[in-house]
Amino acid sequence: MGLSGEAFGKARRVSGGCGKEDCLCKPAGAETEEMRAGDRGRSRNRGNACRSIEAETATEEMHAGDRGRSGNREKCVQKHTDKGNKGESARRSAETGADMGFEKEKLKQVRYLILFVAAVVLLIIYSGNVLNGLRLFLGMLSPFIVGGAIAFVLNIPLKAVENKLLKKWKGKLAAKLKRPVSILLSLIFIVAIIAFVVITVVPKLRETIEMLGGQISLFVQDLLREAERLAASNQQILEKLKELENMEIDWQAMIGNVGSFLSNGMGSVLSSTVSVASTIIGGVVNTFIGIVFAIYILAQKEKLGAQGHRILTAYLPEKVCRKTEHVLALLHKNFSSFISGQCVEAVILGAMFVVTMSIFRFPYVLLIGVLIAFLALIPIVGAFVGCVVGAFLILMNDPVQALWFVVLFQVLQQIEGNLIYPRVVGNSVGLPSIWVLAAVSIGGSLFGIVGMLSFIPLVSTAYSLLRDSVNERNAAKARPAKEKTEQNEKRKKI
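Residues numbered from 1 in each chain as written. Predicted model: local features only at pLDDT ≥ 70, side-chain atom pairs only at ≥ 80, totals over all residues. Heavy atoms only, no water.

Quick word on the overall build of the chain
In terms of helices and strands, the chain carries twelve helices and zero strands. Classification of the 494 residues of the chain by burial places 20% in the buried group. As displayed, the chain offers around 35,900 Å² of accessible surface, 67% of which is attributable to carbon and sulfur atoms. (Helix = DSSP H or I, 4+ residues; strand = E, 2+ residues; numbered from the N terminus. Buried < 20%, exposed > 50% of the residue type's maximum accessible area, 1.4 Å probe, protein only. Areas by Shrake-Rupley, 256 points an atom, 1.4 Å probe, with all protein chains shown as cover.)

A closer look at the packing of aromatic side chains
Tallied over the entire structure, the rule returns six aromatic pairs. When the ring of F144 is compared with that of F293, the centres are 5.2 Å apart and the planes differ by 85°; the resulting orientation is edge-to-face. Highlighted residues: F144 in helix α3 (residues 127-165) and F293 in helix α6 (residues 251-299), separated in sequence by 149 residues. The partly exposed category is assigned to F144, whose relative accessible area is 42%. Overall, F293 belongs to the partly exposed group, its relative accessible area being 30%. When the ring of F353 is compared with that of F405, the centres are 6.3 Å apart and the planes differ by 50°; the resulting orientation is tilted. Here F353 is found in helix α8 (residues 318-359), whereas its partner F405 is found in helix α11 (residues 399-429), with 52 residues between them in sequence. F353 gets classed as buried once you look at its relative accessible area, which sits at 0%. Each member of the aromatic cluster is reached from another via a ring pair, and the members are F353, F362, F384, F405 and F409. (Phe/Tyr/Trp six-rings, centres within 6.5 Å; stacked < 30°, edge-to-face > 60°.)

Here we look at the pattern of salt bridges
Applying the stated rule across the entire model yields three salt bridges. Residues E302 and R179 are paired through a salt bridge, measuring 2.8 Å at the closest nitrogen-oxygen approach. On the criterion of sequence distance, the pair formed by E302 in helix α7 (residues 301-315) and R179 in helix α4 (residues 172-233) is long-range, its members being 123 residues apart. For R179, a relative accessible area of 16% gives the class buried. Members of the salt-bridge network, linked through shared partners, are E162, R179 and E302. (Salt bridge = Lys/Arg side-chain N within 4 Å of Asp/Glu carboxyl O.)

Here we look at the packing of α7 against α8
Two quantities define a packed helix pair, namely the angle between the helix axes and the distance between the axes. Where α7 contacts α8, the two axes come as close as 8 Å, and the packing angle between them is 145°. The handedness of the crossing between α7 and α8 comes out as right-handed. On α8, the residues that touch H309, L312 and T313 of α7 are C321, T324 and E325. Taken together, the residues of the contact of α7 with α8 break down into two nonpolar, three polar and one charged. (Axes fitted to C-alpha atoms, helices over the stretch in contact; angles between N-to-C directions. Left-handed = near helix turned anticlockwise from the far one by under 90°. Contact = heavy atoms within 4.5 Å. Nonpolar A, V, L, I, M, F, W, Y, C, P; charged D, E, K, R; others polar.)

Considerations on the side chain of S186
Tracing the backbone shows S186 in helix α4. The exposure class of S186 is buried, given its relative accessible area of 2%. At 2.8 Å, the side chain of S186 forms a polar contact with the backbone oxygen of S182. (Polar contact = N/O pair within 3.5 Å; in protein donor to acceptor, adjacent residues only side chain to side chain.)

A closer look at the nonpolar core
What tends to happen in soluble globular proteins is that the nonpolar side chains get buried as a cluster. By size, the foremost hydrophobic cluster in this structure holds 28 residues, and its most contacted members are F353, M357, I368, I394 and F405. Breaking this core down by element, the ones donating at least two residues are α4, α8, α9 (365-375), α10 (381-395) and α11. Each residue touching I368, except ones within four places of it in the same chain, is listed here: M357, P363, G390, L393, I394 and F405. (Core = buried A, V, L, I, M, F, W, Y, C linked by side-chain atoms within 4.5 Å.)

Considerations on the packing of α9 against α10
Packing of α9 against α10 brings their axes to within 8 Å, and their N-to-C directions diverge by 160°. On the basis of the axis angle, α9 is roughly antiparallel to α10. By crossing handedness, the relation of α9 to α10 is classed as right-handed. Of the residues in α10, those in contact with L367, I368, L371, I372 and L375 of α9 are G382, A383, V385, G386, V389, G390, L393 and I394. Split into classes, the residues belonging to the contact of α9 with α10 amount to ten nonpolar, three polar and no charged. (Parallel < 35°, antiparallel > 145°, perpendicular 65-115°, else oblique.)

A look at α9
The buried fraction of α9 amounts to nine of the eleven residues, a majority that puts the element mostly inside the structure. Taken together, the buried positions of α9 are occupied by V365, L367, I368, G369, V370, L371, I372, A373 and L375.

Examining unusual backbone geometry
Here R361, not a glycine, exhibits a phi torsion of approximately 60°, which is positive. By the secondary structure assignment, R361 is in the loop between α8 and α9. Owing to a relative accessible area of 71%, R361 belongs among the exposed residues under this scheme.

Points about the confidence of the model for the chain
Scored by pLDDT, the chain comes out at a mean of 75, with 71% of its residues at no less than 70. Confidence scores differ between elements of the chain, with helix α1 (residues 5-15) showing the lowest mean pLDDT of 44 and α7 the highest of 90. (pLDDT = per-residue confidence, 0-100.)

Here it is, written out as structure tokens:
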């Protein structure tokens, strides 16, 4: 079945062709396909272009990020560099400041050293003037020093009276009168002891001296009779006596010598008398002022202690203040214990002499016992002085008994010096026996009796401070080792 020409042409127009066989016109469907293909190509081109643009944008962003990171990195490096430079500058400044501080400290030390050496040189050059000034200064302060010593001694019975004898006395009246009554009773106690010693010793000494005078006169008479007897039996002595009788004496020269001696001697005797009288009067006045000053100290000792504490806390650091108060409290304790122990030791030694001398029937038992007990307050040396006085008293009656008394004294002194004294006094001040003997020897050789009395408590204080320091240091060194041992034990248990 074929189509007509009109139908074919219509069909070709409908299909998009011109109807001619050699016509180049494309059909409508072909153009549409080409257009679609072109659109797809353009779309692909646009996609490729977009992708390339996106890639370029991403690349640019990457470069920008890299540049930003590089900039941040550079900023960070710059920042750290600046910090390092600042730290280096600060460290250099600190080192420079430390060097300057060290130099200043060194200059300060050199300055102090120069001042110290200059002071020592001046002291050596003007030592005489310095010593005279110190003597004058101590002479001015001597009443107050004596008063402080009296107050310290009186404080021992004062505390016993307040804390034991008047312990139950309370109330408003007791608050006002307890301290004055305690001071009065303490003074009465000390004065009673001194009066007992004086009443016991002085009359016997006077009797002994009187008896000694009589013994000396008899001894001189016996000596003259013996000399006459020897002269009568010896011709050489008689010849010498005759020569002396025939010898001419220049009485004028002798009278002149006697006159000059009396004139010079009277001047020296007068000056010596004035010096002794002034010394006695000065001693009495200083003692009176010292007693009054001691009473004031005892009456206000709590207030004075509080004022001293305030002064220390005001001018010293807290640690130094605590250490100073600890040392002062230790000194007070050791001196009080030493005085108490010394009194106990003196009583024990006096009682030993009274008992032993009564057993062996020596004369002057109570006198020598009291005298030795009183003098034994001076460490070690005082007892020897008592021995000399006791032997002298016994010598007037029986020389043999005096010799046996010296032997008895040596025995009792060895017992007291090696057993009683180191234990009583040494335990009271917390000082071993060997250090008690060393303190007495060194103090006596340096400052005499005052050194003997003061060196034992001073050495005891130094010994206590050294012992505490050694214990603290050893404990501090042993603590890490102990902790390490405990840690090892815990690890072993685990």
